[in-house]
Amino acid sequence: MSAGPGAQPAASGQPDVLRASSSTEAAGTQESRHALGGSQSLLLAVGAFAAGYLAIAALRPPSRAGGVVAVGAMAALLAVCLFALGALRLGLRVVALSPLTFVALAQLFIFGIRPAAVALWPGDGAFPLVWLGFRFADLGRVAAAGALGMSLLGLAFALVWETRARKHGLQRTPGLAEQPALPTSEEFDDRRLRFVLTRAAAAGTVLWLILFFRNGGIDALLNDPSRLHLNQFGGGHYVFGYALCLAAALVALVAFLERPSRQRLLLLTGLAAVALAASVALQTRGQLLATAAAGLTLLLALRSPTRRQALALAALATILLAAFAWMRTVRELSHTVPFAQAARLAITDRPLLTATRDFVEFDHLVALTAVVPREHPHLHGRSLAEAPLAFLPRRLYPDKPLPLDFELSTALLGASGKAGTPFTIVGEMYWNFGWIGGLVALAAFGAVAGAGWWRLVRSSGRKRLLVGTLVLGYSYLLLTRPLGAMAMTAAIGLVALLVVVLLAERLPVPSGEKIDQ
């Protein structure tokens, strides 16, 4: 049958139905790109408005509590916009399983929620800040400048990470979520795994128990828990024992996720209990939190949880965060009251203080700006230059500087300052270079960190995945604590992890523990 005078022949013999389908798919793709572009434009507009509001607030800070609350709201809004924009450009799983998550959380809670809480209930501020006294303008200025600094760090990180991927011709930015499944030939052997992990945990427990009893033991735990936490200087080799226990639990988790079994679950449960006991005994939470975050990242990277599982994980994470906040409050209150009374007051007295105590880095940063440069000069890069000294054992270098947060504690409280007062990476850059120079330094730090993250996640493998998840876990500490001290702590954790995983993969087991092939 011949075609009518107005008909066109099918191109390349392609059936009309296929051509129609292709046209529909192309139209759908175009609509999707248009919607994506519209969402990005909206997020950019809202984020630009929030950033502009914060810039004005930093120059002309509010003088009332309501103004500080508004600044906190803008800081939270900017954090959400930037995270959502990153998720649209790079992928939600890629961004969620990256340090950008902790950048957004630090900005949301430290420079968003905490300033509002202190403005509404000034008596709940941290002791150094309340002791010094403050104005609402001080809160507003620091909240605005801090949120802008954290945003610059995150933007530089994301831009460098994405740019490196584009330069290498990749259509999608690589991340921990893109790790392929490991080949079966690389699976852990159960007997070697049990042999290595139990002995690593045993050796680590001996080391941290020595530190525990050296610093006061059971009596200190019941009557003065802060002494266990503060008297750990010069005990890096004992802290390495604690890191060995955490590393053993993390390797047990990845082994269970690779091939679930009752035996591996029991091993994981026992090692996790040992790591938790070490955290309680040493009254330190940072390394445990970092390892827990790494474990959650492993779970999300190697598994795709259902909605019910995701809700259960969220509930568990909320409970753990509440428990850690309670633990910190007990440790702080035990300076002045017995342990039992501190444990009760941490639940019944001033719940807002308990809920936001983990974000008092903001309070300390406000206190820092009150004395620098008025009473103490800028450091002009000294803390960054001294950061490598943190890796030298104190036995070899007795005059090694204490972490920078202890220097601030001494500046604020004099000889009575016994604990550090951490004030975020924003505060460290401010103390070194002032606000303008600090913002530039934060952007540079974010760019360097983004390049490092790209190198870490651009290829796959079990060890690279484990290292990446632990780096992600420690990123929150690097954002909120002195860089030198936290870099050393993270390095101890990474070395312990690599030692354990290499032994679990390759160690020849004695004949009595011979592996069945």
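Here the structure is a predicted model, which means the values were calculated and not measured.

Here Trp435 lies in helix H19 (residues 424–457). Separated by 290 residues in sequence, Trp435 and Ala145 have C-alpha atoms that sit 7.7 Å apart. Not counting the four nearest positions on each side in its chain, Trp435 is found in contact with Val142, Ala145, Thr369, Val426 and Tyr430.

Turning to the pattern of salt bridges, a few remarks are in order. It is possible for side chains of opposite charge to pair when their charged atoms get near one another. With the rule as written, the count across this model stands at 13 salt bridges. The shortest N-O distance in the salt bridge between Glu162 and Arg89 comes to 2.9 Å. With Glu162 in helix H6 (residues 136–167) and Arg89 in helix H2 (residues 65–90), this pair connects stretches of sequence that are 73 residues apart. On the accessibility criterion, Glu162 (9% relative accessible area) is buried. Given a relative accessible area of 42%, Arg89 falls into the partly exposed group. Measuring nitrogen to oxygen at the nearest pair gives 2.7 Å for the salt bridge that ties Glu505 to Arg462.

All right, on to the packing of helix H12 (residues 286–302) against helix H20 (residues 462–480) then. For the pair H12 and H20, the least separation of the axes is 8 Å and the interaxial angle reads 135°. Relative to H20, the element H12 lies oblique. For the pair H12 and H20, the sense of crossing is right-handed. Two secondary-structure elements touch here, H12 through Gly286, Gln287, Ala290, Thr291, Ala293, Ala294, Thr297, Leu298, Ala301 and Leu302 and H20 through Leu465, Leu466, Thr469, Leu470, Leu472, Gly473, Tyr474 and Leu477. Looking at side-chain class alone, the contact of H12 with H20 contains 12 nonpolar, six polar and no charged residues.

In this section: a positive patch on the surface. The grouping of Arg164, Lys167, Arg455, Arg458 and Arg464 at the surface amounts to a positive patch. Mapped onto the elements, Arg455 comes out in helix H19.

Let us now look at unusual backbone geometry. Here the bond from Val372 into Pro373 is cis, since omega is 0°, no more than 30 degrees from zero. Structurally, Pro373 is set in the loop between helix H16 (361–371) and helix H17 (382–386). Unlike most non-glycine residues, Gln283 shows phi in positive territory, near 55°. Position of Gln283 relative to the elements: it lies in the loop between helix H11 (262–282) and H12. Positive phi, normally seen in glycine, also occurs at Thr424, with a value near 75°. Tracing the backbone shows Thr424 in helix H19. Residue Thr424 is classed as buried on the basis of its relative accessible area of 1%.

Let us now look at the packing of aromatic side chains. Applying the stated criterion across every chain, the model contains eight aromatic pairs. Judged by centre distance (5.9 Å) and plane angle (75°), the rings of Phe157 and Trp161 are edge-to-face. Remark: Trp161 and Phe157 occur in helix H6; sequence separation between them is four residues, near one turn of the helix. The class of Trp161 is buried, set by a relative accessible area of 0%. Among the aromatic residues, those joined into a cluster by ring pairs are Phe157, Trp161 and Trp453. Arg462 extends its terminal NZ or CZ atom over the ring of Phe188, reaching a point 3.8 Å from the ring centre.

Here we take up the nonpolar core. One finds Trp161, Leu197 and Val251 to be the most contacted residues of the largest nonpolar core, which totals 105 residues. Apart from residues no more than four positions distant in its own chain, Trp161 is found in contact with Leu90, Val94, Ser98, Leu100, Thr173, Pro174, Gly175, Gly450, Trp453, Trp454 and Val457. Formed by 14 residues, the second largest nonpolar core is a distinct cluster that contains Tyr238, Tyr242, Cys245 and Ala275.

Attention now goes to the side chain of Asp405. Inspection of the secondary structure puts Asp405 in helix H18 (residues 404–413). Salt bridges are absent for the buried Asp405, whose nearest opposite-charge side chain, Arg481, sits at 5.9 Å. Beyond its immediate chain neighbours, meaning those up to four positions away, Asp405 contacts Gly420, Thr421, Pro422, Phe423 and Pro482.

Before going further, it helps to examine the environment of Ala76. By the secondary structure assignment, Ala76 is in helix H2. Looking at Ala76, the relative accessible area reads 17%, which means it is buried.

Looking now at the layout of surface pockets. Each pocket or cavity is described by its volume, and for the second largest pocket that value is around 590 Å³. The set of elements that each furnish at least two residues to the lining of the second largest pocket consists of H6, H19, H20 and helix H21 (483–506). Residue composition of the lining of the second largest pocket, grouped by class: 22 nonpolar, three polar and no charged.

Turning our eyes to something else, we now look at the side chain of Thr469. With respect to the helices and strands, the residue Thr469 is situated in helix H20. Judged by relative accessible area, which is 0%, Thr469 ranks as buried. Once you skip the residues sitting within four places of it in the chain, Thr469 turns out to touch Leu176, Ala294, Thr297 and Leu298.

Further remarks concern a nonpolar patch on the surface. A contiguous nonpolar surface patch, about 370 Å² in accessible area, is contributed by Leu209, Phe213, Ile218 and Leu222. Counting residues per element, the ones that place at least two in the nonpolar patch are helix H7 (190–214) and helix H8 (217–223). Checked against the element boundaries, Leu209 lands in helix H7. Overall, Leu209 belongs to the partly exposed group, its relative accessible area being 31%.

Turning next to empty space enclosed by the protein. Remark: the empty space left among the atoms is shown by a probe the size of a water molecule rolled over them. Under the defined criterion, the tally for this structure stands at three cavities of 30 Å³ or more. Volume-wise, the largest cavity comes out at about 50 Å³. Those elements giving two or more residues to the lining of the largest cavity turn out to be helix H10 (236–258), H20 and H21. No other element matches H10, which puts four residues into the lining of the largest cavity. In terms of residue class, the lining of the largest cavity is made up of seven nonpolar, two polar and no charged. Computed from the structure, the second largest cavity encloses a volume of approximately 40 Å³.

Cut-offs applied
Residues numbered from 1 in each chain as written. Predicted model: local features only at pLDDT ≥ 70, side-chain atom pairs only at ≥ 80, totals over all residues. Heavy atoms only, no water. Helix = DSSP H or I, 4+ residues; strand = E, 2+ residues; numbered from the N terminus. Contact = heavy atoms within 4.5 Å. Salt bridge = Lys/Arg side-chain N within 4 Å of Asp/Glu carboxyl O. Buried < 20%, exposed > 50% of the residue type's maximum accessible area, 1.4 Å probe, protein only. Axes fitted to C-alpha atoms, helices over the stretch in contact; angles between N-to-C directions. Parallel < 35°, antiparallel > 145°, perpendicular 65-115°, else oblique. Left-handed = near helix turned anticlockwise from the far one by under 90°. Nonpolar A, V, L, I, M, F, W, Y, C, P; charged D, E, K, R; others polar. Patch = residues over 30% accessible without salt bridge, like charges linked within 9 Å, V, L, I, M, F, W, Y side chains within 5 Å. Areas by Shrake-Rupley, 256 points an atom, 1.4 Å probe, with all protein chains shown as cover. Lys, Arg positive; Asp, Glu negative; His and termini not counted. Charge placed at Lys NZ, Arg CZ, Asp CG, Glu CD. Phe/Tyr/Trp six-rings, centres within 6.5 Å; stacked < 30°, edge-to-face > 60°. Lys NZ or Arg CZ within 6 Å of the ring centre and 35° of its normal. Core = buried A, V, L, I, M, F, W, Y, C linked by side-chain atoms within 4.5 Å. 1 Å grid on protein atoms, 1.4 Å probe; cavity = no way out; pocket = protein on both sides within 12 Å on 5 of 7 lines; lining within 4 Å. Points joined across faces, edges and corners; volume = space filled by probe spheres on them.

All quantities given are derived from atomic positions and should not be read as evidence of function.
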